[in-house]
Amino acid sequence: MNFPRSRIVRWGAVLACLACIMLLAAPTWAAHVLYDNQGRRLEVQIGPEFSQPAREQVTAWTEQLAHSLTLVYGHWPRERWLIEVAAASGSSDDPIPWAQVSRGKVDRVTFYVVRNPDTGALLREWTGYHEIAHLLLPYRGWGDTWFSEGLATYYQNLLQARAGLISEQQMWQRLYEGFVRGRNDTRFDGSTLLEVNRQMRSQGGYMRVYWSGAWYFLAADIQLRERSNGRRSLDDALLKLNQCCARNALSVPEIIRKMDADDQAGMFHELYERLRNSRTLPDVTPLFASLGIAVLNGRVQLQAEGAAAERRQQFLRSTVL
Ligand SMILES: [Zn+2]
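The model shown is predicted, which means the values in this text are computed figures rather than measured ones.

The next subject is the overall build of the chain. For the chain, the helix and strand inventory stands at 14 helices and seven strands. Taken along the three principal axes of its C-alpha coordinates, the chain extends 90 × 40 × 40 Å. The proportion of buried residues among the 321 residues of the chain is 36%. Long-range contacts, defined here as pairs at least 24 residues apart, represent 65% of the contacts in the chain between residues at least 6 apart.

The structure is reproduced here in structure tokens:
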């Protein structure tokens with residue numbers, strides 16, 4: 001049947017209009033852009049499944065995360081990066097069931113967040129700080145994962161304390177409890193960290209691996225601060241690494257060579273050899289003692305005064321800023 005031409009045109013217009021309305025009504029990803037004080041650019045993309053109030057909560061949380069990442073060396077690690085927040089099913093007391101970092105021309109951190117998150121729970125959730133702390137290293141993403149996970153595990157606590165979300169006492173308590181979990185993960189004691197790390201995804205041993213890495217960075221940070229009488233720390237070493245190599249994808253031995261090249265007398269390498277060949281997680285007691293931290297009945301006791309206490313309190317602020 002042949003419609004009069006005018007009728008065809010009218011139907012075409014109606015169909016086009018319907019498509020237009022459907023497109024407008026379809027939920028879309030919300031994107032907004034943030035800049036740090038050096039003009040570095042972060043794009044935040046939030047999935048269409050979130051309600052408007054949930055988007056606002058997620059937005060506030062991502063801004064808090066982004067801010068905390070500037071508290072290591074003053075700016076974000078890359079000129080451009082992306083946070084993507086996709087909806088996940090789960091309960092609000094575990095608001096981020098999954099997250100991952102994808103490195104490339106623009107580094108991307110993807111968070112899977114429950115649809116109706118509680119802002120307070122999101123802000124307190126360690127996963128967010130852990131994932132963004134991964135970006136502090138220009139790591140290629142594979143090999144010696146204990147090193148990369150250790151840095152993120154260590155800095156996730158420093159970032160939260162520096163951002164004022166937890167107290168100094170809470171920060172050391174969390175670190176202490178993490179080291180205890182690592183020490184209690186005894187299933188592979190006797191095997192080197194390197195061996196445990198290689199089979200971690202199939203066999204387990206995550207706590208031993210992650211907290212051995214955190215021990216490495218706490219020990220390195222203490223040594224850097226002691227040698228420079230508090231003027232320099234791991235913050236400076238990471239800034240130097242960022243300045244030379246932010247765009248690179250380095251292996252851990254390459255990262256260590258770069259960090260030691262800045263007059264560390266081989267400290268990073270020496271600790272690296274010690275940890276990767278360790279057959280159990282080293283004791284944190286001497287490290288804590290050097291910072292005026294004792295432990296009584298599982299609770300950290302912070303010495304209030306003296307050189308060790310002063311050194312410890314300096315962890316709450318970057319030595320670069
Ligand atoms: Zn991680």
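On to the pairing of strand β7 (residues 299–302), then. A regular strand places its side chains so that they alternate between the two faces of the sheet. Across four bridges, the pairing between strand β6 (residues 293–296) and β7 is antiparallel. Bridging across to β7, Ile293 finds its partner in Leu302. Linking two consecutive strands that pair antiparallel, namely β6 and β7, is a turn of two residues; a positive phi of about 50 degrees is found at Asn297 within it.

This part covers unusual backbone geometry. Here the phi dihedral of Asp144 falls at roughly 50 degrees; this positive angle occurs in a residue that is not glycine. Among the secondary structure elements, Asp144 is positioned in the loop between α4 (126–133) and α5 (145–162). Phi is positive for Asn297, which is not a glycine, with a value near 50 degrees. Along the chain, Asn297 turns up in the loop between β6 and β7. Classification of Asn297 by C-beta neighbours within 10 Å gives exposed; the count is 5.

Bringing the domain arrangement of the chain into the picture now. On domain assignment, one finds that the chain holds domain 1 (30–136) and domain 2 (161–314). One C-alpha centre belongs to domain 1, the other to domain 2; they are set 25 Å apart. Between domain 1 and domain 2, the residue contacts involve 11 residues of the former and nine residues of the latter. Looking at the side of domain 1 that touches domain 2 element by element, the count peaks at six residues for helix α2 (residues 52–73). Taken together, the residues of the side of domain 1 that touches domain 2 sort by class into six nonpolar, three polar and two charged.

The next thing to look at is α4. Taken across its eight residues, α4 has six buried, putting it largely inside the fold. Those residues of α4 that sit buried are Gly128, Tyr129, His130, Glu131, Ile132 and Ala133. For α4, the secondary structure elements touched by its buried residues are α2, β4 (98–102), β5 (107–114) and α5.

To continue, consider the sheet that holds strand β2 (residues 41–46). The mixed open sheet is built from five strands, whose spatial order is β1-β2-β3-β5-β4. Looking at the sheet topology across the chains shown, the edges are occupied by β1 (30–35) and β4. Averaged over all adjacent pairs, the angle separating strand axes in this sheet is 15 degrees, with direction ignored. Judged from the six bridges that link them, β2 and strand β3 (residues 80–88) form a sheet pairing that is parallel. Bridging from a neighbouring strand, Leu42 pairs with Trp81 of β3. Sheet contacts for α2: β1, β2, β3 and β5; angle to β2, the most-contacted strand, approximately 155 degrees.

A separate point is the packing of helix α11 (residues 252–261) against helix α12 (residues 267–276). Put simply, α11 and α12 touch, their axes get as near as 7 Å, and they point 145 degrees apart. Residues Ile256, Met259 and Asp260 of α11 lie in contact with α12, whose contacting residues are Met267, Phe268, His269 and Tyr272. Among the residues making up the contact of α11 with α12, the classes are represented as five nonpolar, one polar and one charged.

Taking 1.5 Å per residue, 12 residues should reach 16 Å; helix α10 (residues 234–245) reaches 16 Å between its end C-alpha atoms and fits that length. Where α10 is concerned, the buried positions are Leu234, Asp235, Ala237, Leu238, Leu241 and Asn242. An end-on view of α10 places all buried positions within 165 degrees of arc, on one side of the element.

Looking now at the environment of Pro117. Position of Pro117 relative to the elements: it lies in the loop between β5 and α3 (119–124). Here the alpha-carbon distance between Pro117 and Val58, two residues 59 residues apart in the chain, equals 7.9 Å. Not counting residues up to four positions away in its chain, the partners in contact with Pro117 are Ala54, Gln57, Val58, Ser92, Pro95 and Leu122.

Tracing the chain through its elements places Glu84 in strand β3. Sequence-wise, Glu84 and Thr110 are 26 residues apart; in three dimensions their C-alpha atoms are separated by 4.7 Å. When neighbours within four sequence positions are excluded, Glu84 is seen to be in contact with Gln45, Arg108 and Thr110.

Grouped together as the largest cluster of nonpolar side chains are 74 residues, with contacts concentrated most on Ala133, Leu136, Leu151, Tyr155, Trp215 and Phe217. Looking at this core element by element, the count peaks at 12 residues for helix α9 (residues 206–227). Residues from two domains meet in this core; each of domain 1 (30–136) and domain 2 (161–314) gives at least three. Aside from chain neighbours lying at most four places away, what touches Leu136 is Val72, Pro77, Leu151, Tyr155 and Leu238.

Analysis parameters
Residues numbered from 1 in each chain as written. Predicted model: local features only at pLDDT ≥ 70, side-chain atom pairs only at ≥ 80, totals over all residues. Helix = DSSP H or I, 4+ residues; strand = E, 2+ residues; numbered from the N terminus. Buried ≥ 20, exposed ≤ 12 C-beta atoms within 10 Å, placed from the backbone. Contact = placed C-beta atoms within 7 Å. Pairing = 2+ DSSP bridges. Domains from an automatic or database assignment. Nonpolar A, V, L, I, M, F, W, Y, C, P; charged D, E, K, R; others polar. Axes fitted to C-alpha atoms, helices over the stretch in contact; angles between N-to-C directions. Expected span 1.5 Å × (residues − 1). Arc of directions from axis to C-beta. Core = buried A, V, L, I, M, F, W, Y, C linked by C-beta atoms within 7 Å.

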